[in-house]
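# Observations on chain architecture
Spelled out from the first residue to the last, the chains are:
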Amino acid sequence: MGSATLQGRSERATIAALRAGRASLGDLWRYGRPAGMTALILLLCFLSLYPMVMLLYGSLHSTPPGIPGTFNLDGYLGIATTENVVVLANTIGLSFVKTILALALAVLLAWIVARTDTPGRGVLEVLITLPFFIPPILTATAWAMLGNAQVGTINLAWRWLSGSDTTLVDVYSYGGVVWHMMQYSTPFIFLFVVDAFRAMDPALEESSRMSGATRWQTFWRVTFALMLPVTTSAFILSFIRGVESFESAVFFGTPVGIEVITTTIYHSITQRAQPDYQSATALSFAALALMFLLLVMQNRLLRGRSFTTVTGKGYSPNITRLGRLRWVTFGVCILFFVLTVALPIGQLLLSSFFKFFGFYQADMLTFDHYRSVWENSSFWRAFRNTMLLGVAGATATMALGGIVAYVTTRTRWRGRRLIDILAWLPWMMPGMVLGIGFLWGFAILPHQIPIYGTLWALLLAYVALGTPVAVRVTSAAYQQIATDIEECSRVHGAGWWQTLGRILIALAWPAFAVGWVLIFFGIMRELSASILLYAPGTEVLSVVMLKMWVGGKPEEVSVVGLVMLVLVLLFRWVQLKVIKKRISTL
Amino acid sequence: MLRRSVLGLLAAGSVGPAWAQGDDWAKVVDAAKKEGKLVMYTASIGSVFHKAVIKSFEQKYGIAVELLEARASEVRERVRVEQSAGRFLGDVHHNGSTTTWLMNRDGNFQPYGSVPNTKNIIAPFSASNVVIPAEVISYCLMVNRNLVKPADEPKSWKDILDPKWSGKILSDDYRALGGGAVFFVVMYDTFGKEFHEQLAAQKPVFSRDLANSERRVARGEFPLYLPFSLQNYNNLKGLPIKPIVPAEGRPYVRFDLTMLKNAPHPNAARVFMNHYLEPESQLVFANAGYAPVVGGVVEKTLEEIRGLLATKAMGTTTPERQDAMLELAKQIYK
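Quick caveat, the model's predicted, so the values are computed rather than measured.

### Notes on the overall build of chain B
- The number of helices and strands found in chain B is 12 helices and 11 strands.
- Radius of gyration (C-alpha) of chain B: 21 Å, near the 20 Å computed for a compact globule of 334 residues.
- Expressed along its principal axes, the backbone C-alpha trace of chain B runs to roughly 65 × 40 × 35 Å.
- A buried classification covers 51% of the 334 residues belonging to chain B.
- Once local pairs closer than 6 in sequence are excluded, the contacts in chain B between residues at least 24 apart make up 79%.

### Focus: the overall build of chain A
- If you tally the helices and strands in chain A, you get 25 helices and zero strands.
- In chain A, which comprises 586 residues, the share counted as buried stands at 48%.
- Put simply, of all contacts in chain A between residues at least 6 apart along the chain, 79% involve residues at least 24 apart.

### Considering the interface of chain A and chain B
- The interface of chain A with chain B comprises 43 residues on the first partner and 45 residues on the second.
- The set of elements that each furnish at least two residues to the side of chain A that touches chain B consists of helix H5 (136-147), helix H11 (247-253), helix H12 (261-270), helix H18 (431-443), helix H23 (528-533) and helix H24 (541-550) of chain A.
- Here the side of chain A that touches chain B takes five residues from H24 of chain A, the largest share from any one element.

### Section: the domain arrangement of chain B
Residues and elements named next belong to chain B.
- Each assigned domain of chain B is listed here: domain 1 (2-136 + 254-307) and domain 2 (137-252 + 312-332).
- For domain 1 versus domain 2, the distance between C-alpha centres works out to 29 Å.
- At the junction of the two partners, domain 1 supplies 10 residues and domain 2 supplies 12 residues.
- Mapped by element, the contributors of at least two residues to the side of domain 1 that touches domain 2 are helix H5 (97-105) and strand S10 (250-260).
- For the side of domain 1 that touches domain 2, the residue count by class is seven nonpolar, two polar and one charged.

### Some points on the domain arrangement of chain A
Residue and element names in this part refer to chain A.
- Examined at the domain level, chain A breaks down into domain 1 (35-47 + 366-586) and domain 2 (75-304 + 333-351).
- Taking the mean C-alpha position of each, domain 1 and domain 2 sit 21 Å from one another.
- Each partner contributes to the interface: domain 1 provides 35 residues, whereas domain 2 provides 39 residues.
- Elements with a minimum of two residues in the side of domain 1 that touches domain 2: H18, helix H19 (455-479), helix H22 (509-525), H24 and helix H25 (554-582).
- Among the elements that take part in the side of domain 1 that touches domain 2, H25 stands out by supplying 12 residues, more than any other.
- Across the side of domain 1 that touches domain 2, the residue classes tally to 26 nonpolar, five polar and four charged.

### A few points about the pairing of strand S2 (residues 64-69) of chain B
All names here are of chain B.
- Relative to S2, strand S1 (residues 37-42) runs parallel, the two sharing six bridges. What sits directly across from Tyr 41, in S2, is Leu 68.
- Handedness of the crossover is the feature at issue here: the chain leaves S1, passes through helix H3 (residues 48-61), returns alongside S2, and the resulting connection is right-handed.

### A look at the nonpolar core
- Ala 110, Val 193, Ala 461 and Leu 533 of chain A together with Met 273 of chain B are the most contacted members of the largest nonpolar core, which has 265 residues in total.
- Not counting the four nearest positions on each side in its chain, Ala 110 of chain A is found in contact with Phe 190, Val 193, Val 194 and Phe 197 of chain A.

### Describing the confidence of the model for chain A
- Across chain A, pLDDT averages 84, with 90% of residues at or above 70.
- Averaged pLDDT values for the elements of chain A fall to 71 in helix H1 (residues 2-60) of chain A and rise to 94 in helix H15 (residues 368-374) of chain A.

### Some remarks on the packing of H3 of chain B against helix H9 (residues 266-276) of chain B
Residue and element names in this part refer to chain B.
- Where H3 contacts H9, the two axes come as close as 10 Å, and the packing angle between them is 120°. Taken together, the axes of H3 and H9 lie oblique to each other. Handedness of the H3/H9 crossing: right-handed. Mapping the contact onto sequence places Val 53, Phe 57, Lys 60 and Tyr 61 in H3 and Val 271, Phe 272, His 275 and Tyr 276 in H9.
- Classifying every residue of the contact of H3 with H9 by side-chain character gives six nonpolar, one polar and one charged.

### A short note on the packing of H5 of chain A against helix H14 (residues 325-351) of chain A
All names here are of chain A.
- Where H5 contacts H14, the axes come no closer than 9 Å and their chain directions differ by 95°. Classified by the angle between their axes, H5 and H14 sit roughly perpendicular to one another. Along the contact surface, H5 presents Leu 138, Thr 139, Ala 142, Trp 143, Met 145 and Leu 146, while H14 presents Leu 343, Pro 344, Gln 347 and Leu 348.

### A look at unusual backbone geometry
Residues and elements named next belong to chain B.
- A cis geometry characterises the amide bond from Ala 123 onward to Pro 124, with omega recorded as 10°.
- With respect to the helices, strands and loops of the structure, Pro 124 is situated in the loop between strand S4 (109-110) and strand S5 (131-144).
- In this chain, Leu 226 is followed by Pro 227 through a cis amide linkage whose omega measures -15°.
- Although it is not a glycine, Lys 203 adopts a positive phi angle of roughly 50°.
- Its place among the elements puts Lys 203 in the loop between helix H7 (193-201) and strand S7 (205-206).

Conventions we followed
Residues numbered from 1 in each chain as written. Chains lettered and ligands numbered in written order. Predicted model: local features only at pLDDT ≥ 70, side-chain atom pairs only at ≥ 80, totals over all residues. Helix = DSSP H or I, 4+ residues; strand = E, 2+ residues; numbered from the N terminus. Rg over C-alpha atoms; globule rule 2.2 N^0.38 Å. Buried ≥ 20, exposed ≤ 12 C-beta atoms within 10 Å, placed from the backbone. Contact = placed C-beta atoms within 7 Å. Domains from an automatic or database assignment. Nonpolar A, V, L, I, M, F, W, Y, C, P; charged D, E, K, R; others polar. Pairing = 2+ DSSP bridges. Right-handed = clockwise from strand over helix to strand, strands pointing away. Core = buried A, V, L, I, M, F, W, Y, C linked by C-beta atoms within 7 Å. pLDDT = per-residue confidence, 0-100. Axes fitted to C-alpha atoms, helices over the stretch in contact; angles between N-to-C directions. Parallel < 35°, antiparallel > 145°, perpendicular 65-115°, else oblique. Left-handed = near helix turned anticlockwise from the far one by under 90°.

Here it is as structure tokens:
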């Protein structure tokens with residue numbers, strides 16, 4: 001009895017202490033939230049709005065910042081030409097076709113990997129995503145050798161097999177541009193949707209099946225419909241990225257007269273005696289306006305609908321047994337891997353051991369390219385810088401993206417829409433133009449702020465460029481998690497931060513891991529801003545690769561590309577085997 | 001006019017860097033060593049020959065060179081925005097003559113004072129008080145030896161107008177800054193507009209991926225490439241290609257050295273410029289296929305290069321009419 005009384009007193013004391021603690025936390029929460037929101041808005045303004053304002057100035061001023069000139073609308077008036085209408089049609093057409101095809105293929109592959117009993121799904125998941133991580137300049141070179149009309153390996157093999165002198169494929173065409181872009185879009189979208197497929201309560205599909213729907217009807221009306229936030233996000237991200245794509249068009253389009261917005265901007269900035277920044281930035285803002293319309297459409301499509309699939313109820317992933325068909329799905333994945341990875345990477349790997357790319361003669365066998373890269377001090381310095389920026393940048397970006405996504409999807413706080421827009425802005429501006437915005441913006445900062453010419457300049461640009469992806473990845477995952485789990489956590493006494501960490505982040509962890517990898521390798525590949533912001537001593541890999549490429553050393557670029565691929569395999573292995581098993585059980 | 005020139009010179013003198021007034025070169029070298037380093041902005045990306053000259057400079061003087069490499073327009077924009085923001089980070093600027101001319105017009109440079117080796121510069125090149133010629137890129141034709149028999153090789157630039165080359169020419173784009181634009185201007189000046197109208201009818205395929213273009217020809221996608229930069233020949237040795245300088249000569253474009261405004265290491269910059277014009281440095285470039293700008297170097301170059309460099313320098317582009325010529329190229333090559 002005495003001990004029971006003591007225990008009761010102790011509990012009351014504990015509760016009182018907790019209440020007192022909660023009251024002070026509540027005060028902190030009450031005053032801290034507006035302060036936090038203000039800080040978040042200011043940070044996003046600096047990262048995305050500030051360079052955009054610099055660019056807007058550039059589009060409305062006859063000269064770039066720092067040179068006397070006048071404000072006018074010449075940049076905008078100048079883009080209304082027939083030539084630019086064709087460019088716009090090309091850009092939208094190419095991006096739309098490639099995004100539709102890539103989305104269909106990515107959803108199919110994600111379904112195969114996440115929801116069927118196809119053999120070797122774990123390995124297939126890694127293999128399917130590999131093309132995304134290969135520098136586009138390398139796959140473009142490989143495909144130029146494989147698919148050129150005159151002496152491309154595929155056409156030579158076709159002529160030898162068929163005895164005809166016709167051409168089977170020609171990468172220098174609209175089809176070539178679409179195909180090259182698809183190699184990046186498909187794994188990109190796949191990475192977005194595969195975890196969403198996994199995080200789906202099969203009860204919904206089972207209900208559909210029990211109500212008499214066919215497997216196809218269930219896939220289309222339930223599975224696909226529930227995936228709308230993820231698929232539309234991926235579609236829009238990929239479509240916008242397609243509009244801003246440069247490498248595919250410049251390699252395979254420009255030689256046959258196919259111009260897109262980015263090649264036109266590139267022409268305005270780098271191919272004229274007097275760079276025309278006003279025209280380039282005006283064209284970019286016109287493209288931005290178009291892309292903004294897309295976002296509005298997505299919002300209208302998703303507004304008022306619920307896409308919750310992860311609830312408080314337990315469930316186990318539903319795997320569709322395909323029987324013999326599983327070998328067909330296995331074949332589809334392998335075919336994708338062969339076409340997008342084995343062929344181009346095989347060509348790169350092979351070429352890295354010969355003196356010249358594409359010349360496979362015994363007397364040209366060499367390890368010189370590996371030795372040259374190994375002994376290149378610039379490469380190692382850039383490697384260290386890139387690793388540092390990659391790890392720090394991806395982590396900071398995911399942290400920022402996770403917070404922004406939380407505010408925009410899980411709260412009704414004032415200012416959340418502004419935050420959403422601010423986080424999106426960098427994605428809607430072509431990288432080569434945004435790089436100029438960063439250059440202008442960072443250079444004019446007071447000299448006491450040590451950003452320009454340091455690694456900070458690169459880090460901040462990378463965080464800004466990666467935030468839209470981080471936000472989309474995490475917000476799509478958040479949207480699948482029912483609010484009742486969160487409320488349950490809060491009711492049981494967990495604080496906001498605890499709930500964020502123990503519930504939302506723990507449940508959305510696979511998406512965080514995917515986002516981190518996407519951003520890390522985005523940083524490794526980023527060139528447009530890097531070339532304008534690096535200083536002696538802060539070189540990054542993409543800059544070193546550009547130097548090798550322009551310096552006539554594509555074989556050394558291949559070696560660096562292969563090193564990056566090994567890193568990808570390592571990261572993906574860690575992500576899939578270690579993180580998912582150990583950390584997702586937080 | 002004379003008054004304005006005198007005032008200009010006086011003004012140039014007043015904004016000059018703070019080096020020893022007596023201009024005793026030994027004192028300049030000592031001051032340079034005390035500065036200890038210099039920062040060079042260059043549009044020559046990934047050039048091993050450039051690095052070889054830098055290395056020899058570092059070894060000779062113990063002055064470290066920090067290199068910032070980017071494309072011509074990117075270098076120009078960086079310098080412009082840095083200087084307008086009051087950031088004076090670079091010392092030596094190295095870029096094509098057109099970009100250098102534009103930047104000089106915009107006031108991005110300062111007079112370098114005196115550099116002893118400028119006296120060795122040979123015609124048609126000459127140094128001003130701001131701009132020093134550095135090396136020269138020469139352009140010619142390149143053929144695939146497996147696809148073009150010696151008898152069929154073009155001997156004159158006009159030979160590429162033969163219908164047998166129709167659809168078989170891979171080319172740098174004449175409508176954009178670079179070797180293609182230089183070729184366009186020089187051919188226009190030499191043969192007139194008709195040359196280009198006939199060449200347009202040959203339907204040349206344009207590509208801006210220069211390094212890859214040369215390899216595409218080597219692999220047999222196209223038998224003929226132009227304009228081929230001679231300095232790339234070294235990188236392609238062992239491939240079935242052959243550079244050909246036609247009878248009329250070779251178009252060229254000059255790279256220049258300048259001192260950036262308010263350079264933090266002006267003495268090191270001067271010593272570097274002087275080193276760049278040393279016959280040994282120029283020989284490194286000449287052996288790589290660049291035409292040297294000082295006398296007595298061509299004679300010492302490797303035999304296979306000497307013959308190509310000894311050919312006539314046909315002409316080059318001029319910055320004043322660059323945009324007009326690019327526009328004309330756009331009209332002809334649609």
